[in-house]
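Report on the structure
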Amino acid sequence: MEKPDYQDIINEYKEQVRTLKAQISELEDACKSKDAALKRSLQKLEYTAQDLDKANDEINAKKQSE
């Protein structure tokens with residue numbers, strides 16, 4: 001191989017590294033967005049469970065008072 005061929009290979013690898021870094025960044029951003037969405041969903045689920053528990057307690061209290 002000639003010296004310019006090595007430079008072409010090095011430049012190609014550098015471009016591949018830049019592309020992979022960009023893909024990693026996109027995946028990390030997507031993961032952060034997914035984590036945030038999961039956190040919001042979990043909070044909604046917790047609030048719904050609390051509301052359900054409260055409603056069940058009220059129903060049981062009314063049944064006992066009858």
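Look a little higher up for the structure.
Summarised in this report is the structure supplied together with it. (Residues numbered from 1 in each chain as written. Predicted model: local features only at pLDDT ≥ 70, side-chain atom pairs only at ≥ 80, totals over all residues. Heavy atoms only, no water.)

1. Quick word on the overall build of the protein chain
The secondary structure content of the protein chain amounts to 1 helix and 0 strands. What you see for the protein chain is a C-alpha radius of gyration of 28 Å, clearly larger than the 11 Å of a compact globule of 66 residues, by over 25%. Oriented by its inertia axes, the alpha-carbon framework of the protein chain measures out at about 95 × 15 × 5 Å. Here the protein chain holds 66 residues, and the buried ones make up 0% of them. Element-wise, carbon and sulfur atoms account for 55% of the exposed surface of the protein chain, whose accessible area totals about 6,500 Å². Side chains of the protein chain give 12 positive and 15 negative charges; the mean places of these two sets differ by 4 Å. (Helix = DSSP H or I, 4+ residues; strand = E, 2+ residues; numbered from the N terminus. Rg over C-alpha atoms; globule rule 2.2 N^0.38 Å. Buried < 20%, exposed > 50% of the residue type's maximum accessible area, 1.4 Å probe, protein only. Areas by Shrake-Rupley, 256 points an atom, 1.4 Å probe, with all protein chains shown as cover. Lys, Arg positive; Asp, Glu negative; His and termini not counted. Charge placed at Lys NZ, Arg CZ, Asp CG, Glu CD.)

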